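# Notes for the structure review
Here are the chains, one letter per residue:
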Amino acid sequence: MAPTHVLRCCQRGLAWIPVIFIALVVCWSYYAYVVELCIFTIPSIGEQIVYLIFFHLSFIMFVWSYWKTIFTKPANPSKEFCLPKAEKERYEKEERPESQQEILWRAATSLPLYTRTGAGAIRYCDRCQVIKPDRCHHCSACDMCVLKMDHHCPWVNNCVGFSNYKFFILFLAYSLVYCLFIAATVLQYFIKFWTLCRRKSAENCPKNELPDTHAKFHVLFLFFVAAMFCISILSLFSYHLWLVGKNRSTIEAFRAPVFRTGSDKNGFSLGFRKNIAQVFGDQKKYWLLPIFTSQGDGLTFPTRLVNADIEQATVTLQPEPDKSAAEVPSSPLSDSQNRLLSNDQHANNVEDHLANNTLKSAESETITISMESES
């Protein structure tokens, strides 16, 4: 037990190395820009003031969003997705997968589950011992199930999911702005210092040339680092903007959810505007601030039903006209609160499932959405 505990502690400590590296680079970039460039190199006071104001604005937003991405705890499934104690004991005693699935089907009757495995089974995490909500996956690095998991990022030493996905997008955005601003403002001094480095003697230097001091090494290196990070961050930021517009996670981009009529990579897409609102919220004034404004609770998500067949035609996404306003949910997910498996219809599915002792979903008047089993 002791060696295992020590190994885990070492792994957790080593996981902070990328974060520490980024922190050191940011601290050095702050010193190089503020002290070596603005104070020691730029001769104009007005230019110094303008550069320092915009630099500190981008620096604060970058550090703020990076901090929130690192230290926001990933959201986990709620207690209602845990098996009752008696059912959990029965599940652990059962050796046949069919019997275990029977227990899960009974427990999942009242849960708002849209997705299944590729075989039509209930998605269950043996490690965390919970029934997985929609778009929830187990992170082996964090050793927990994460709601709407996107990926585990070593550069933030955290799992990017429902609770901090907006912070991660803003972190990429402000880090790109930070690097672009540095590269753009340093460029003219980079060219002057680069020219100065190629002079063979002081006699060849014009009088208006910058002095040959240690600041030139910081300025030259600062431009190279900023340009390098710009290229890498731009590609990653563009990819995640595309994912937000499609309302997909990185996992779903590589493995499309499987619906009743087959796999559908656009199953959770609601249109560009609604997809953006899912991550950033309805109030645009908060979009650029690293504060949580994402819609929903991470447990249930609205879906766009595609390739509708006869059985799917009975499902509606809008409240019935005869319902009072008090009965209509007021949450951001109100247009999707219909459950693909209502209690009565889901119970019929369970009875058919148990009677046939198979993992095939029962035919009913509702939609049964499936998802490929996770590796």
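Since the structure is predicted, the reported quantities are computational estimates derived from the model, not experimental observations.

A tally of helices and strands in the protein yields ten helices and eight strands. A burial count over the protein gives 46% of its 375 residues as buried. A fraction of 66% describes how many contacts in the protein between residues 6 or more apart in sequence connect residues 24 or more apart. Working note: accessible area of the protein is about 20,200 Å², and carbon and sulfur atoms make up 61% of it.

Right, let's get into a nonpolar patch on the surface. A contiguous nonpolar surface patch, about 590 Å² in accessible area, is contributed by Ile-45, Ile-49, Val-50, Ile-53, Phe-54 and Leu-57. By the secondary structure assignment, Ile-45 is in helix H3 (residues 45-71).

Turning to the packing of helix H2 (residues 17-39) against H3, a few remarks are in order. Between H2 and H3, whose axes approach to 11 Å, the crossing angle comes to 170°. Overall, the two elements H2 and H3 adopt an arrangement that is roughly antiparallel. Within the contact between the two elements, H2 uses Val-19, Ile-22, Val-26, Ser-29, Tyr-30, Tyr-33, Val-34, Cys-38 and Ile-39 and H3 uses Gln-48, Tyr-51, Leu-52, Phe-55, His-56, Phe-59, Phe-62, Tyr-66 and Ile-70.

Per-residue pLDDT for the protein averages 80, and the proportion of residues at 70 or more is 75%. Within the protein, H3 carries the highest mean pLDDT (97), whereas helix H10 (residues 343-356) carries the lowest (45).

This part takes up the side chain of Asn-158. Take Asn-158: it is sitting in strand S6 (residues 158-160). Among the residues examined, Asn-158 registers a relative accessible area of 5% and is labelled buried. A polar atom in the side chain of Asn-158 sits 3.1 Å from the backbone oxygen of Thr-69. Of the polar contacts made by the side chain of Asn-158, one reaches the backbone oxygen of Thr-72; its length is 2.8 Å. Not counting the four nearest positions on each side in its chain, Asn-158 is found in contact with Thr-69, Ile-70, Thr-72, Pro-74, His-152, Cys-153 and Asn-164.

Let's shift gears to the layout of surface pockets. By volume, the largest pocket amounts to about 580 Å³. Around the largest pocket sit 21 residues that line it, and Arg-12, Ala-141, Cys-142, Asp-143 and Asn-157 are the ones nearest its centre. Sorting elements by how many residues they give to the lining of the largest pocket places helix H1 (residues 2-14) first, with three residues. Partitioned by chemical class, the residues of the lining of the largest pocket number ten nonpolar, six polar and five charged.

According to UniProt, the "transmembrane region" (unreviewed entry) feature falls on residues 15-42, 49-67, 167-191 and 217-242. Within the segment residues 49-67, helix and strand shares are 100% and 0% respectively, and the terminal C-alpha atoms sit 27 Å apart. Secondary structure within residues 167-191 divides into 100% helix and 0% strand; the distance between the first and last C-alpha atoms comes to 35 Å.

Before going further, it helps to spend a moment on the packing of aromatic side chains. Inspection of every chain in the model, using the stated rule, returns 24 aromatic pairs. Judged by centre distance (6.0 Å) and plane angle (20°), the rings of Phe-62 and Phe-171 are stacked. Here the residue Phe-62 occupies a position in helix H3, and Phe-171 occupies one in helix H6 (residues 165-197), the gap between them amounting to 109 residues. Residue Phe-62 is classed as buried on the basis of its relative accessible area of 5%. Each residue in the set Tyr-30, Tyr-33, Tyr-51, Phe-55, Phe-59, Phe-62, Tyr-66, Phe-168, Phe-171, Tyr-178 and Phe-181 is aromatic and connected to the rest through ring pairs, giving one cluster. Against the face of Phe-301 rests Arg-135, its NZ or CZ located 5.0 Å from the ring centre.

Attention now goes to empty space enclosed by the protein. Inspection of the entire model under this criterion finds four cavities of 30 Å³ or more. Considering only enclosed or pocket space, the largest cavity measures out at about 60 Å³ in volume. For the largest cavity, the full set of lining residues is Lys-148, Gly-161, Phe-162, Tyr-165, Lys-166, Gln-278, Val-279, Ser-294, Gln-295 and Phe-301. Of the residues in the lining of the largest cavity, the class split is four nonpolar, four polar and two charged.

Let us look at the pattern of salt bridges. By the definition in use, this model includes three salt bridges. Where Asp-143 meets Arg-127, a salt bridge forms, and the shortest distance between an N and an O atom there is 2.9 Å. Of the two residues, Asp-143 sits in the loop between strand S3 (137-139) and strand S4 (144-146) while Arg-127 sits in the loop between strand S1 (124-125) and strand S2 (130-131), which places them 16 residues apart along the sequence. Residue Arg-127 is classed as exposed on the basis of its relative accessible area of 54%. A salt bridge links Arg-135 to Glu-252, with the shortest nitrogen-to-oxygen separation between them at 2.8 Å. Of this pair, Arg-135 sits in the loop between S2 and S3 while Glu-252 is found in helix H8 (residues 250-254), placing the two residues 117 residues apart along the sequence. Residue Arg-135 shares its accessibility class with Glu-252, and that shared class is buried.

Rules used throughout
Residues numbered from 1 in each chain as written. Predicted model: local features only at pLDDT ≥ 70, side-chain atom pairs only at ≥ 80, totals over all residues. Heavy atoms only, no water. Helix = DSSP H or I, 4+ residues; strand = E, 2+ residues; numbered from the N terminus. Buried < 20%, exposed > 50% of the residue type's maximum accessible area, 1.4 Å probe, protein only. Contact = heavy atoms within 4.5 Å. Areas by Shrake-Rupley, 256 points an atom, 1.4 Å probe, with all protein chains shown as cover. Patch = residues over 30% accessible without salt bridge, like charges linked within 9 Å, V, L, I, M, F, W, Y side chains within 5 Å. Salt bridge = Lys/Arg side-chain N within 4 Å of Asp/Glu carboxyl O. Axes fitted to C-alpha atoms, helices over the stretch in contact; angles between N-to-C directions. Parallel < 35°, antiparallel > 145°, perpendicular 65-115°, else oblique. pLDDT = per-residue confidence, 0-100. Polar contact = N/O pair within 3.5 Å; in protein donor to acceptor, adjacent residues only side chain to side chain. 1 Å grid on protein atoms, 1.4 Å probe; cavity = no way out; pocket = protein on both sides within 12 Å on 5 of 7 lines; lining within 4 Å. Points joined across faces, edges and corners; volume = space filled by probe spheres on them. Nonpolar A, V, L, I, M, F, W, Y, C, P; charged D, E, K, R; others polar. UniProt positions renumbered as here; feature names shortened; annotations may be inferred. Phe/Tyr/Trp six-rings, centres within 6.5 Å; stacked < 30°, edge-to-face > 60°. Lys NZ or Arg CZ within 6 Å of the ring centre and 35° of its normal.

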